[in-house]
Amino acid sequence: MNKAYFEILRAGVNTTIQDKGRNHLYHVGIAVSGAIDQRNYILSNRLVENQLDEPVLEFAYQGPLLKLRNGKINFAISGDIFFKIIRKNLEVEEGECYKSYFLDEEDQIDIISTKNSTYGYLAVNDGFDVEKTWGSYSINTKANIGPNNGKKYSLNDKIFIKKIDIKSPINKKINFDYSTDSIIRIIKGTNFDYFSKDAIDKFFNEDFLITNLVDRMGIRLKGPKLENIKNTNIKSEGLVRGVIQVPADGNPIIMMSDHGTVGGYPKIGVVITADLDLVGQLTPGTKINFKEVSLEEAQNIFKAYTEDTNRYLNECN
């Protein structure tokens, strides 16, 4: 029997396969990658009764137009997304995020755009038929690592699906509260003392704008110039997701999933883990503010974030 697959009729802006990432290869210069919004990644899988580490499609801004060939599937989309289902009889159904749907052969999913977010996720029951690279399905387009030769998907590409003949639809839904909070909590970076008192005051008390220079590698901000009183370059050091580097122009850069593993710009802070999903979803033109928290506070916030995620997972029925 022929394999089921999505035929890509429109590729979208940045459509890739992602999962939790590969977090054991920093020492050889390989970034973690993985879904920008880890919570929405796992929720999309739960909605179609997958294991939570199955690969999904991640897309940005405008998503793909997909046509199902050779099978029947269940799928779900998470995020703040405007999408439609075009049935093979040409009936059009408005899609609802955080809800599972049944898709028949020759039906289409038209992921038109994100709304107040940057990324969205599409999961199919039992997952996509792709191979792992170094323990992960994630595509890193900067390094050409992962499925599809490490490249984002293009027009007429095929994305194969494991299951091809689903007998009955899955009916699951999550009432997700989508946050657009613009206060980003951080802990001090290793080079916090490189910046003047005036720079620190500005960092915590003035607005920063998310520029159009945003991708899976990082988010460039524009705001008050942060004065460096020691050195605008340092010996290259290891980086982690969420670290905030400040180059010589004084405008911060937040490192995201595909960031380089080392860097030579001073680090003023690190976004706490519980706020990384939020940061990744903020759109260009958004004004944000930074708030310092202690390590102990960050740990407590992460505990609450985990409990909140588990509540959504348990609610899915």
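Thresholds, definitions, all that
- Residues numbered from 1 in each chain as written.
- Predicted model: local features only at pLDDT ≥ 70, side-chain atom pairs only at ≥ 80, totals over all residues.
- Heavy atoms only, no water.
- Pairing = 2+ DSSP bridges.
- Helix = DSSP H or I, 4+ residues; strand = E, 2+ residues; numbered from the N terminus.
- Axes fitted to C-alpha atoms, helices over the stretch in contact; angles between N-to-C directions.
- Contact = heavy atoms within 4.5 Å.
- Salt bridge = Lys/Arg side-chain N within 4 Å of Asp/Glu carboxyl O.
- Buried < 20%, exposed > 50% of the residue type's maximum accessible area, 1.4 Å probe, protein only.
- Phe/Tyr/Trp six-rings, centres within 6.5 Å; stacked < 30°, edge-to-face > 60°.
- Lys NZ or Arg CZ within 6 Å of the ring centre and 35° of its normal.

Student: How would you sum up the sheet that holds strand S2 (residues 16–18)? Please name residues and give values.
Tutor: Taken together, 5 strands build an open sheet; the order of strands is S2-S3-S10-S5-S8 and the sheet is antiparallel. Edge positions in the sheet fall to S2 and strand S8 (100–103), since each has one partner strand and no second. On average, each strand axis in the sheet is inclined to that of its neighbour by 35°, with strand direction left out of account. Where strand S3 (residues 56–60) lies against strand S10 (residues 119–124), 4 bridges are found, and the strand directions are antiparallel. The partner of Ala60 across the bridge, within S10, is Tyr119. Contacts between helix H1 (residues 38–47) and the sheet are confined to S2, S3, strand S5 (73–78), S8 and S10, with S10 contributing the most and set at about 30° to the helix.

Student: Summarise the pattern of salt bridges; cite the residues concerned and give the values.
Tutor: According to the stated counting rule, one finds 23 salt bridges in the structure shown. Across the salt bridge formed by Asp110 and Arg10, the nearest N and O atoms sit 2.8 Å from each other. Of the two residues, Asp110 sits in strand S9 (residues 108–114) while Arg10 sits in strand S1 (residues 5–10), which places them 100 residues apart along the sequence. A salt bridge links Glu94 to Lys84; the shortest N-O distance between them is 3.8 Å. One end of the pair, Glu94, is in strand S7 (residues 92–94); the other, Lys84, is in strand S6 (residues 81–86), with 10 residues separating them in the sequence. Look at Lys84 and you get partly exposed, because its relative accessible area is 25%. Taken together, the salt bridges that share partners define one network made up of Glu7, Lys67, Arg69 and Glu106.

Student: Hey, could you go over the packing of aromatic side chains for me, with residue numbers and the actual values?
Tutor: Counted by the stated rule, this structure contains 13 aromatic pairs. For the ring pair Phe192 and Phe204, a centre distance of 6.4 Å and an interplane angle of 40° mean the geometry is tilted. Taken as a pair, Phe192 in the loop between strand S12 (183–188) and helix H2 (197–205) and Phe204 in helix H2 lie far apart in primary sequence, 12 residues in all. With respect to burial, Phe192 and Phe204 carry one shared label: buried. A connected cluster of aromatic rings, assembled from ring pairs, spans Phe192, Phe203, Phe204, Phe208 and Phe290. Above the face of the Tyr5 ring, Lys158 is positioned so that its terminal group lies 4.9 Å from the ring centre. Its guanidinium or amino end placed over the ring of Tyr312, Arg311 lies 4.4 Å from that ring's centre, counting from NZ or CZ.

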